[in-house]
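# Descriptive structure summary
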Amino acid sequence: MTRTPQLIKQNAYNFESHTVTTPDGYILTLFRIPPEENDYRKNKQPVFLQHGTFVDSANWADIGNRSLAFNLADQGYDVWLGNFRGTRYSRRHKTLQPSDFKFWTFNLDDVAVNDIRTSLAAVARITGKRGSTIFIGHSLATIFIFMYASEYPEEAENLLKGAVAISPIVYLDLAYYIIPLAKSLPLITYDLNLFLKFQFQKILLAIKISSVFYHMEGIIKFLQYFCTLAPHVCKILTDVIYGKSYQFLPEDLLAFFSYFPTTTSLMVADHVAQLYNSGRFQKFDYGEDVNLKKYNKKKPPVYKLRKVKFPSVKRLFDELGSREKDMKVIPKDSIKAEDQFNHMDFLLAKDLHEFFYVDLFKDLTEKFA
């Protein structure tokens, strides 16, 4: 299987591994590509990359010189790769084992105020550059940064220089991938619609199944083997999951399926379903009785996006309280279908340098330096 440390070393970059422990006991692994000591750009700020759901930090480093992690390192940034609880590199706890039902009983709120908060504080402490970190998140990671920043606005503003939200997800009202940076992304599929609407994950939780894809390494190995025999079928699978891609290269399939899918909590799926069904960017709904004890109200409170003050990249965009904010469509000024990015193309597309990195690095320099 593709391992993030192997990918970094194979591409001839320096590598560090750091562990941090969250307030609720989860032990997370952070990977770092430090700037070269003799590089005149070595004082550039830290950039923290956080992956989305069902993948891990390999998602930032699996396509060689097209990978965002390596392009940031080449620009002289101090690159950090986060790994959420439950993924391959963050599957330890001070008192619990992954085989314990309770290990997987975490929701989006728990990850946002524990994993993100702890990881960003560690980067600031280790680098000594508090307030200069740029957060770059993809997909579900954007939910976490907005939850954290709206819950702890002053702390987030003091820790971060800014944030870039790639294919952000906050509201799930008409489409699965809402407020995308791409022009053309798929509407929610029929099967996913049923899953979210009828909340089959609640049935699984009721019968004490709390994780998704745990103890299923065999599935990943099968996908790897199967994709060598029928790559076009695997390409169809990625199109179904993430939307039609004209940018995904067949040679990247094996790398992608070497870490996809990775394990997560069913309560995370439940929380996503709640966002979809409620139409609100809200905290986890435990039911009226528990909500009264936890929130002092029957319904869970909403996250107030107007409290988010750091610069960031239309409902989500309009509600952000940032003084400086920008939203870009990638690729711009192109109507050709083969140019359009789907949800995952921002990490895996063949034309990342041409369509995405030029604008991204310009913004990092002009807005966040």
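Residues numbered from 1 in each chain as written. Predicted model: local features only at pLDDT ≥ 70, side-chain atom pairs only at ≥ 80, totals over all residues. Heavy atoms only, no water.

## Examining the UniProt feature "active site" (unreviewed entry) in the protein chain
For the record, the criterion: UniProt positions are given in the numbering used here, feature names are shortened, and annotations may be inferred rather than shown by experiment. In this description a helix means any DSSP run of H or I spanning at least four residues, a strand means any run of E spanning at least two, and both kinds are numbered starting from the N terminus. Any two residues having at least one pair of non-hydrogen atoms within 4.5 Å are treated as being in contact. A simple rule labels every residue: compare its accessible area, found with a 1.4 Å probe on the protein chains alone, to the largest value its type can have, and call it buried under 20%, exposed over 50%, or partly exposed in between.
Mapped onto the present numbering, the UniProt feature "active site" (unreviewed entry) falls on Ser-139, Asp-318 and His-343. Examined against the element boundaries, Ser-139 turns out to sit in the loop between strand 6 (133–138) and helix 4 (140–151). Ser-139 has contacts with Gly-52, Ile-166, Ser-167, Ile-169 and His-343, leaving out every residue within four places of it along the chain. Residue placement: His-343 occurs in the loop between helix 13 (315–319) and helix 14 (345–348). The class for His-343 is buried, based on a relative accessible area of 1%.

## Things to note about the side chain of Thr-29
Stated precisely, the cut-off is as follows: N or O atoms closer than or at 3.5 Å make up a polar contact, with two conditions inside protein: a donor-capable atom paired with an acceptor-capable one, and, for residues adjacent in sequence, both atoms drawn from side chains.
Along the chain, the position of Thr-29 falls in strand 2 (residues 26–33). Separated by 2.7 Å, the side chain of Thr-29 and the backbone oxygen of Tyr-89 make a polar contact.

## Some words on unusual backbone geometry
Of note, the bond from Phe-260 into Pro-261 is cis; its omega dihedral lies within 30 degrees of zero at 0 degrees. Despite not being glycine, Ala-12 shows a phi value in the positive range, around 65 degrees. By the element assignment, Ala-12 lies in the loop between helix 1 (4–10) and strand 1 (16–21). Take Ala-12: its relative accessible area is 66%, and that puts it in the exposed class. Positive phi, normally seen in glycine, also occurs at Asn-296, with a value near 65 degrees. If you trace the backbone, Asn-296 turns up in the loop between helix 12 (288–295) and helix 13.

## Brief notes about helix 9 (residues 231–242)
The cut-off we apply is this: Helix span, expected: 1.5 Å multiplied by one less than the number of residues in the helix. The arc in question is traced by the directions running from the helix axis to the C-beta atoms.
With 12 residues, helix 9 should reach 16 Å at 1.5 Å per residue; the first-to-last C-alpha distance of 16 Å fits that figure. Looking at helix 9, one finds that the buried residues are Cys-234, Lys-235, Thr-238, Asp-239 and Tyr-242. Each buried residue of helix 9 sits inside an arc of 150 degrees when the element is viewed along its axis, so together they form one side. When the buried face of helix 9 is taken as reference, the exposed residues oriented beyond 90 degrees from it are Ile-236 and Val-240. Positioned one or two residues after helix 9, Gly-243 has a phi angle of 100 degrees, which is positive.

## Re the packing of aromatic side chains
The line we're drawing: The rule is short: rings of Phe, Tyr and Trp, with Trp giving its six-membered ring, pair when the centres are within 6.5 Å, and they are stacked under 30 degrees, edge-to-face over 60, tilted in between. The rule for a charge over a ring is simple: NZ of Lys or CZ of Arg within 6 Å of the ring centre, and within 35 degrees of the ring normal.
For the coordinates displayed, the defined rule picks out 20 aromatic pairs. With centroids separated by 6.3 Å and ring planes inclined at 35 degrees, the aromatic side chains of Trp-104 and Phe-106 adopt a geometry described as tilted. For the residue pair Trp-104 and Phe-106, the accessibility class agrees, reading buried in each case. Consider the rings of Phe-346 and Phe-356, whose centres lie 5.4 Å apart with planes at 80 degrees: the pair is edge-to-face. Note that Phe-346 is positioned in helix 14 and Phe-356 in helix 15 (residues 352–368), a separation of 10 residues in sequence. When its relative accessible area of 0% is taken as the criterion, Phe-346 is described as buried. Relative accessible area serves as the criterion here: at 5%, Phe-356 is assigned to the buried category. Among the aromatic residues, ring-to-ring pairing joins Tyr-26, Phe-103, Trp-104 and Phe-106 into one connected group. When the ring centre of Tyr-26 is taken as origin, the NZ or CZ atom of Arg-85, which lies over that ring, is 4.0 Å away.

## A short note on helix 11 (residues 266–278)
Residue pairs three or four apart in sequence face the same way in an α-helix, which turns once every 3.6 residues. The first and last C-alpha atoms of helix 11 sit 18 Å apart over 13 residues, in line with the 18 Å expected at 1.5 Å per residue. By the criterion of burial, helix 11 is predominantly enclosed, with 10 of the 13 residues buried. Among the residues of helix 11, Leu-266, Met-267, Val-268, Asp-270, His-271, Val-272, Ala-273, Gln-274, Leu-275 and Tyr-276 are the ones counted as buried. After helix 11 finishes, the residue Gly-279 shows a positive phi value of roughly 70 degrees.

## What about the pattern of salt bridges?
Let me state the cut-off plainly: Each salt bridge in this description consists of a side-chain nitrogen of Lys or Arg and a carboxyl oxygen of Asp or Glu lying within 4 Å of one another.
Applying the stated criterion across every chain yields a total of eight salt bridges. Two residues, Arg-117 and Glu-155, come together in a salt bridge whose shortest N-O distance is 2.8 Å. With Arg-117 in helix 3 (residues 108–127) and Glu-155 in helix 5 (residues 153–159), this pair connects stretches of sequence that are 38 residues apart. Glu-151 is paired through a salt bridge with Lys-283; the nearest N and O atoms lie 2.7 Å apart. Placement of the pair is Glu-151 in helix 4 and Lys-283 in the loop between helix 11 and helix 12, with a sequence separation of 132 residues. Given the relative accessible area of 31%, Glu-151 is considered partly exposed. One salt-bridge network, held together by shared partners, links Glu-16, Arg-32 and Asp-78.

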